[in-house]
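# Descriptive analysis of the structure
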Amino acid sequence: MKYLYLSGLFAILTLAYRPACAQLPEPLVLDTVPPGPTLEDRLKAKSKDLEAVRKYVDDLLFRSAIHNTDPRHPAAAGVSRASATADLAGYDALLLRSRTSGNRKLEAEALNGIGDHYALTGDLERSVQYYKEALQIRESLRNPADVARTSFRLAGILRFKKDFQEALNYYQYAGSMSAGGKQPALEALSYVEIGKIKLFQHRYEEAERFLMKKALPLYTRYGNKPGRIICFENLARLYQQQKRYSEAKWYYIQANLLGRKINNEGAVISSLISLGHVKNELGHLDLALQDLKEAERLASGSNDVPRLIEIKSDLGDLYHRMGDLRAADQLIGEYQELRDTLMNAGK
């Protein structure tokens, strides 16, 4: 009876107060989901993030050059370290055998291999140590070609370590040991690398001299078209950094034309990206878009993921500048997807 009474009382009170309840305002529902980042926020975040991506790609290119893997594809990110570790035992055994037998040439090869291993696994100090040991042996054997190659590899590791002055010394050494027609391609490439370091240091006149007066004539004399493209691209960068845009455009166009002539698609893509940058800086946005879209098509066809990341980033910025916010938003999303593909490939 008690519960029946309470139930009835509740019903009466509900009926009595229904008009009053009906006049109360609807409960306020708070939106607890924070607003998403704006396009401008995403563009700023992308610009900061791109530096980390570039450093990762530089590391990938460095290791792929040592291990002869293809740096365009994300799978290359995980290949070098694993195989280098497996090779170390073999090089250690080779080193022991060479020292037991007194075979100095074989000893230098083993030391080179161990140097490769430590470079690939990130211990650059030990890598330099082993390469210097190999270089001393090859100097004692008086084989200029081997000395030049080892010196060039050592210089590359020092450059990656940002020991620029020591790297310059070994590039100079590699160039001198390759001179006189012994190894013209290696001599010219040594001068290119010197020019690139001096360009990085904003020593423009010196960079121009090594690229224009030393490397390019060698590549031209021996009919080395890929080498000429490398010179054209670096000369263009030199002029672009100094805002000498007409000269920069001319050299990028030469790299593009020669790349097409010899079916070097990588050179064509690279020159198109750079031409897009120059035209963007000059305010020729439609022409910049045209170059970047062609670069995007070619890079997609060859699955060149690192370059695609750069292109998507550039296109996002360009569309934003042109006022096409929807396209800019889409390109930033595509950039992020490719970025994650690349950065997660080696994990």
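Conventions used here
Residues numbered from 1 in each chain as written. Predicted model: local features only at pLDDT ≥ 70, side-chain atom pairs only at ≥ 80, totals over all residues. Heavy atoms only, no water. Helix = DSSP H or I, 4+ residues; strand = E, 2+ residues; numbered from the N terminus. Buried < 20%, exposed > 50% of the residue type's maximum accessible area, 1.4 Å probe, protein only. Contact = heavy atoms within 4.5 Å. Areas by Shrake-Rupley, 256 points an atom, 1.4 Å probe, with all protein chains shown as cover. Expected span 1.5 Å × (residues − 1). Bend = angle between axes of the 7 residues up to and from the residue. Axes fitted to C-alpha atoms, helices over the stretch in contact; angles between N-to-C directions. Parallel < 35°, antiparallel > 145°, perpendicular 65-115°, else oblique. Left-handed = near helix turned anticlockwise from the far one by under 90°. Nonpolar A, V, L, I, M, F, W, Y, C, P; charged D, E, K, R; others polar. pLDDT = per-residue confidence, 0-100. Core = buried A, V, L, I, M, F, W, Y, C linked by side-chain atoms within 4.5 Å. Phe/Tyr/Trp six-rings, centres within 6.5 Å; stacked < 30°, edge-to-face > 60°.

## A closer look at the overall build of the chain
When helices and strands are counted, the chain shows 15 helices and 0 strands. Sorting the 347 residues of the chain into buried and exposed places 43% on the buried side. Considering only contacts within the chain whose residues lie at least 6 apart along the sequence, 57% involve residues at least 24 apart. Total accessible area on the chain stands at roughly 18,900 Å², and carbon and sulfur atoms take up 55% of it.

## Quick word on helix α9 (residues 204-221)
Its 18 residues place the ends of α9 24 Å apart at the C-alpha level, agreeing with the 26 Å of an ideal helix rising 1.5 Å per residue. At Ala215, α9 shows its maximal bend, which comes to roughly 35 degrees, and the proline Pro217 appears one to four places after that position. Of the positions making up α9, those classed as buried are Ala207, Phe210, Leu211, Ala215, Leu216, Leu218 and Tyr219. Residues of α9 that are buried in the fold lie against α7 (164-178), α8 (184-200) and α10 (225-241). Positive phi shows up at Gly223, right after α9, with a value of about 65 degrees.

## Remarks on the packing of α7 against α8
Relative orientation of the contacting elements α7 and α8 amounts to 155 degrees, with a least axis distance of 8 Å. Compared by their axis directions, α7 and α8 come out roughly antiparallel. The handedness of the crossing between α7 and α8 is left-handed. Along its contact with α7, which presents Phe164, Ala167, Leu168, Tyr171, Gln172, Ala174, Gly175 and Ser178, the element α8 presents Pro184, Leu186, Glu187, Ser190, Tyr191, Glu193, Ile194, Ile197, Lys198 and Phe200. Grouping the amino acids of the contact of α7 with α8 by side-chain chemistry returns 11 nonpolar, 4 polar and 3 charged.

## Things to note about the confidence of the model for the chain
Mean pLDDT over the chain stands at 86; residues scoring 70 or higher make up 84%. Segment residues 1-25 is flagged for pLDDT under 50; beyond a separation of four residues in sequence, or across chains, it makes 0 contacts in the model. Across residues 73-82 the pLDDT falls below 50, and counting only partners more than four positions away or on other chains, this stretch makes 25 contacts in the model.

## Overview of the nonpolar core
Counting 51 residues, the largest nonpolar core has Leu154, Ile157 and Tyr171 as its most contacted members. The contact partners of Ile157, leaving out residues within four places of it in the chain, are Phe62, Ala119, Leu124, Ser127, Val128 and Tyr131. Ranked by size, the runner-up nonpolar core spans 33 residues in total, among them Ala288, Ile309, Ala327 and Ala328.

## Thoughts on the packing of aromatic side chains
Under the defined criterion, the tally for this structure stands at 8 aromatic pairs. Ring geometry for Tyr191 and Phe210: centres 6.1 Å apart, planes at 45 degrees, overall tilted. With Tyr191 in helix α8 and Phe210 in helix α9, the pair connects residues that are 19 residues apart, well separated along the chain. Residue class for Tyr191 comes out buried when judged on its relative accessible area of 10%. Centre to centre, the rings of Phe232 and Tyr251 are 6.0 Å apart; their planes meet at 40 degrees, and the pair counts as tilted.

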